[in-house]
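Understanding the architecture of this molecule
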Number of protein chains: 4
Amino acid sequence: MSHGQGQEQQLERLTFFSDAVFAIAITLLVIEIHVPEPEGHGDGVWLQALADLLPHFLGFVLSFVVVGALWAAHHRAFGLLQRFDPSLIWRNLALLMSVAFMPFSSALMSTHPTDRVPEMFYALNLLVSGLLQRRLFRTALRPPYVREDVPAEDITVMNRRTLALPLMATISFILAIWVPGPSNFPLVLMPLVVTWFARGSIRRRSTVAP
Amino acid sequence: MSHGQGQEQQLERLTFFSDAVFAIAITLLVIEIHVPEPEGHGDGVWLQALADLLPHFLGFVLSFVVVGALWAAHHRAFGLLQRFDPSLIWRNLALLMSVAFMPFSSALMSTHPTDRVPEMFYALNLLVSGLLQRRLFRTALRPPYVREDVPAEDITVMNRRTLALPLMATISFILAIWVPGPSNFPLVLMPLVVTWFARGSIRRRSTVAP
Amino acid sequence: MSHGQGQEQQLERLTFFSDAVFAIAITLLVIEIHVPEPEGHGDGVWLQALADLLPHFLGFVLSFVVVGALWAAHHRAFGLLQRFDPSLIWRNLALLMSVAFMPFSSALMSTHPTDRVPEMFYALNLLVSGLLQRRLFRTALRPPYVREDVPAEDITVMNRRTLALPLMATISFILAIWVPGPSNFPLVLMPLVVTWFARGSIRRRSTVAP
Amino acid sequence: MSHGQGQEQQLERLTFFSDAVFAIAITLLVIEIHVPEPEGHGDGVWLQALADLLPHFLGFVLSFVVVGALWAAHHRAFGLLQRFDPSLIWRNLALLMSVAFMPFSSALMSTHPTDRVPEMFYALNLLVSGLLQRRLFRTALRPPYVREDVPAEDITVMNRRTLALPLMATISFILAIWVPGPSNFPLVLMPLVVTWFARGSIRRRSTVAP
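Residues numbered from 1 in each chain as written. Chains lettered and ligands numbered in written order. Predicted model: local features only at pLDDT ≥ 70, side-chain atom pairs only at ≥ 80, totals over all residues. Heavy atoms only, no water.

So, on to the overall build of chain A. The secondary structure content of chain A amounts to 8 helices and 0 strands. In sequence order, the secondary structure elements of chain A are arranged as α-α-α-α-α-α-α-α. Counting all 210 residues of chain A, 65% fall into the buried class. Taking as baseline every contact in chain A between residues at least 6 positions apart, the subset at least 24 positions apart corresponds to 78%. Of the roughly 7600 Å² that chain A leaves accessible, carbon and sulfur atoms contribute 66%. (Helix = DSSP H or I, 4+ residues; strand = E, 2+ residues; numbered from the N terminus. Buried < 20%, exposed > 50% of the residue type's maximum accessible area, 1.4 Å probe, protein only. Contact = heavy atoms within 4.5 Å. Areas by Shrake-Rupley, 256 points an atom, 1.4 Å probe, with all protein chains shown as cover.)

Here it is, written out as structure tokens:
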């Protein structure tokens, strides 16, 4: 905040609030994994109980990486801005709403890993998050919001990358129709794709920023 | 924080703490939506189970938008301040207490969407939040707290806008007496009203700030 | 953070982390109030169900004010510091641990409002929080941590005020031995005392800060 | 954030997000301690009920200190950085994922304090957290990330210290194989070891920083 009055400190606070919502949503993911109460104390009983939780562990990792990638992209994009206005605030809140909903849809999918409707619901939440991110970035990464010294090429690349999550979510959604169980597969691949996209994007950016 | 000692950094920390409480309350809203355990795995069973959760989903969206609008207004108002004193701290804590209570009253209403007492309780929580916000702003948006370069007209507009939430909450409260179920209707409209108020306010402000 | 390297930005981050823990603990207080499931939908049934929750509502308000007062005092004290070292970090973490425990002891007392052990447990948590705050402040509000321009009298006053919470908690603890139920009474008064102490402290300070 | 565009403010936001996740994870630890519902209201019944919760209280304290020590080390290390790139972001997210998982494994161990598999699972979570912290620090505490004015000796010491948690976690893991119950013992000692390491490290640093 320091000495800059007006837009700059307000933009910082908007960023701060977004960071906090991302951080809370990503940490709440674990809340939905309940401690098992197996009958017995033996190692076999316990290993089975933990094995039964495997879908929850995988769901936690998957959702953590997806929300983490959404945060990393948000981090990257908002670092390029110099001002904001109400349309950004509400587009940003819409994205945060979808992200804040993730602990529910992640728990829904993890609790019923072989049913296709929960899986499609989860994919839908990811699709909506991806589209809302794309909508936010397409508005924000333009004058007068974006700083003038940001190369046009960087913005093109960043906008193109917002297609990754909607694309993977759509594939998962469609696969879930025919192959409920194994349709988790592309979702498990998604972190790799998103990670790859995100890593490329930041690496690129770090070469232009001082 | 940087080099500014005294009031400025303390005001920043007060703002920060408020942002964190808003962010946590808004993200905890999802905690109260519990994963359904339908009997059966078919699509119809699941679609019905999700349809049964519709009041929860709507309640989540409604409360998210209301808390989001309260945060946006707080963000706007505190951006105009230059100092604070204990009366602001405790008026602010009173508002935060009401906001932190929202996850409970939102869950109460969503769990019993056709009973009128939970609905009135929810409307009452919104009314109290709105009145506490109004009380905070009426104290804060005055000398010596507010910056001298803020036009008096902006403050008048911002104070008038704090009437929106109490007004809508009162209408919902009264409607709930006679029409328990459909009294959700104005609550569903409320985001639109609040959004409209908020958008107007920030747009206005963004024309005066550099 | 800006340009100040070293102690200053690290102190800011320590403050930030503390604010976040206070904010989360204060907002989690509501989590322990569970939505009632009364048998019936009538107004009388519902008003009774909400009346049954009264101890939870009062416990929420009480704990919110106490944690809020602890935060306000922390806010005030850390605003006077210029450096820190590991002993402050761990004394601060000890205070945060006691604060983070409040949602449990608050729920314990609210769930069993007429039993004396839960009440004494709650008073004990407050007592420990107060003593850990006192221990932290007594170390932190001294050279070389505190800024040189802070009047010695201010520090004396601030240290004396840290006696308020331990004192009230001890009274509540002792009263609970003989009068389990009404021993809530001094706890209900405690916010007033703490508020009065805190208001005085900040008002005083705002006259010396620019 | 102030006037520094580019790397500096982005690094601050990365730090901020990490702080928030640490703060949430550390505060969520209490969520898993459930309010007991003893049959009866007598003191003896209640003292027994609270005594039954002792493993939860100890688990809360233990996990709080471990997560607190991980945060303190993170705080220390990131205070030495001047830039970052995508590899740091994802190594940092990996550490945060393991930390965010702690409320679950802590609750698992506390709920079943005499079974060895939950205890080994908890030790494993600590081991993974320690190794991910070590991996992050070994990458981050090197040019071009670290500031040039940081003495090489400080970095050597800080890297060596990241061995403390993996070491203690491994000892606990192995002890749990033969002595399920008392294997809690080294875990209880761990805070002391980590605290000792952390205190030493920060004290050292505070002698070189201004």
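The discussion continues.
For the rest of this paragraph, the subject is the interface of chain B and chain C. Often, the extent of an interface is quoted as the loss of accessible area on bringing the components together. Taken together, the contacts link 40 residues of chain B with 53 residues of chain C. With both chains or domains summed, chain B and chain C bury close to 4200 Å², and 72% of this area falls on carbon and sulfur atoms. Scanning the region where chain B abuts chain C turns up 2 salt bridges. Salt-bridge contacts for Arg-13 of chain B lead to Asp-19 of chain C; the nearest nitrogen and oxygen are separated by 2.5 Å. Across the contact surface, chain B and chain C share 7 residue pairs in polar contact (both at pLDDT 80 or more). For the side of chain B that touches chain C, the elements supplying multiple residues, two or more each, are helix H1 (7-28), helix H4 (86-111) and helix H5 (116-140) of chain B. Taken together, the residues that form the side of chain B that touches chain C break down as 26 nonpolar, 9 polar and 5 charged. (Buried area = accessible area lost by both parts, 1.4 Å probe. Salt bridge = Lys/Arg side-chain N within 4 Å of Asp/Glu carboxyl O. Polar contact = N/O pair within 3.5 Å; in protein donor to acceptor, adjacent residues only side chain to side chain. Nonpolar A, V, L, I, M, F, W, Y, C, P; charged D, E, K, R; others polar.)

Okay, the packing of aromatic side chains next. All names here are of chain B. One pass over the full model with this rule turns up 42 aromatic pairs over all chains. Both rings, one in Phe-101 and one in Phe-121, keep their centres 6.1 Å apart while their planes meet at 50°; by these two values the pair is tilted. Taken together, the residues span a long stretch of sequence, with Phe-101 in helix H4 and Phe-121 in helix H5 at a distance of 20 residues. Judged on exposure class, the residue Phe-101 and its partner Phe-121 are both buried. (Phe/Tyr/Trp six-rings, centres within 6.5 Å; stacked < 30°, edge-to-face > 60°.)

Here the focus is the nonpolar core. Membership of the largest hydrophobic core comes to 272 residues, with the highest contact counts inside it found for Phe-104 of chain A, Phe-104 of chain B, Phe-104 of chain C together with Phe-104 of chain D. Setting aside anything within four residues of it in sequence, one finds Phe-104 of chain D in contact with Val-30, Ile-33, His-34, Val-35, Pro-36, Leu-53 and Phe-57 of chain A together with Phe-121 of chain D. (Core = buried A, V, L, I, M, F, W, Y, C linked by side-chain atoms within 4.5 Å.)

What follows deals with the relation of the copies chain B and chain C. Each copy of the sequence occupies a distinct position, and chain B is placed on chain C by a rotation of 90° and an axial shift of 0.0 Å, giving an RMSD of 0.0 Å. Such a turn and shift between the copies fits a four-fold axis. A low fraction, 20%, of the interface residues of chain B reappear at the interface in chain C, so the copies pair through non-equivalent surfaces. (Least-squares fit on C-alpha atoms with pLDDT ≥ 70 in both.)

All names here are of chain D. Within the secondary structure, Ser-129 is located in helix H6 (residues 116-140). Accessibility expressed as a relative area gives 0% for Ser-129, which makes it buried. Each C-alpha atom of the pair Ser-129 and Leu-141 lies 18 Å from the other, and the pair is 12 residues apart in sequence. One polar contact links the side chain of Ser-129 to the main-chain carbonyl oxygen of Asn-125, over a distance of 2.8 Å.

What follows concerns the pattern of salt bridges. Per the stated rule, a full pass over the model turns up 12 salt bridges over all chains. For Asp-43 of chain A, the salt bridge identified is with Arg-116 of chain D, shortest N-O distance 2.5 Å. Residue Asp-43 of chain A is found in helix H2 (residues 43-52), and its partner Arg-116 of chain D is found in helix H6; the two belong to separate chains.

What follows concerns unusual backbone geometry. The amide bond that connects Pro-143 of chain A to the next residue, Pro-144 of chain A, takes the cis arrangement and shows omega of 0°. Its place among the elements puts Pro-144 of chain A in the loop between helix H5 (116-140) and helix H6 (152-161).

A word on the side chain of Thr-15 of chain C. Structurally, Thr-15 of chain C can be placed in helix H1 (residues 7-28). Residues contacting Thr-15 of chain C, with those up to four places away along its chain left out, are Arg-13 of chain B together with Phe-78 of chain C.

A surface patch of nonpolar side chains, amounting to about 620 Å² of accessible area, comprises Leu-167, Ile-171, Ile-174, Leu-175, Ile-177, Trp-178 and Val-179 of chain A. Secondary-structure assignment places Leu-167 of chain A in helix H7 (residues 164-178). (Patch = residues over 30% accessible without salt bridge, like charges linked within 9 Å, V, L, I, M, F, W, Y side chains within 5 Å.)

Here the focus is the environment of Asp-85 of chain C. Residues and elements named next belong to chain C. Along the polypeptide, Asp-85 turns up in the loop between helix H3 (54-78) and helix H4 (86-111). Considered as a pair, Asp-85 and Gln-7 are 78 residues apart in the sequence and their alpha carbons are 9.0 Å apart. Among the polar contacts made by the side chain of Asp-85, one reaches the side chain of Ser-87 at a distance of 2.7 Å.

Let's shift gears to helix H8 (residues 164-178) of chain D. Along its 15 residues, H8 of chain D runs 22 Å from first to last C-alpha, staying within 8% of the 21 Å computed at 1.5 Å per residue. Residues of H8 of chain D that are buried include every one of Ala-164, Leu-165, Pro-166, Met-168, Ala-169, Ser-172 and Ala-176 of chain D, and no others. (Expected span 1.5 Å × (residues − 1).)

One turn of the α-helix equals 3.6 residues, which is why residues spaced by three or four share an orientation. All names here are of chain A. Taking 1.5 Å per residue, 26 residues should reach 38 Å; helix H4 (residues 86-111) reaches 38 Å between its end C-alpha atoms and fits that length. Most pronounced at Met-102, the bend in H4 amounts to some 40°, and the proline Pro-103 follows within four residues. In terms of residue burial, H4 counts as a mostly covered element, since 23 of its 26 residues are buried. (Bend = angle between axes of the 7 residues up to and from the residue.)

Here we come to the packing of H2 of chain A against helix H3 (residues 54-78) of chain A. Residues and elements named next belong to chain A. Relative orientation of the contacting elements H2 and H3 amounts to 45°, with a least axis distance of 4 Å. Judged by the angle between their axes, H2 and H3 are oblique. Facing H2, whose interface residues are Leu-50, Ala-51 and Asp-52, H3 presents Leu-54, Pro-55 and Phe-57. Here the residues of the contact of H2 with H3 sort into 5 nonpolar, no polar and 1 charged. (Axes fitted to C-alpha atoms, helices over the stretch in contact; angles between N-to-C directions. Parallel < 35°, antiparallel > 145°, perpendicular 65-115°, else oblique.)

Residues and elements named next belong to chain C. The interhelical angle for the contact between H3 and helix H5 (residues 116-140), taken along N-to-C directions, is 5°, at an axis separation of 11 Å. Between H3 and H5, the angle falls in the class roughly parallel. Residues Leu-62, Ser-63, Val-66, Leu-70, Ala-73, His-74, Ala-77 and Phe-78 of H3 form the contact with H5, whose own contacting residues are Tyr-122, Leu-126, Ser-129, Gln-133, Leu-136 and Phe-137.

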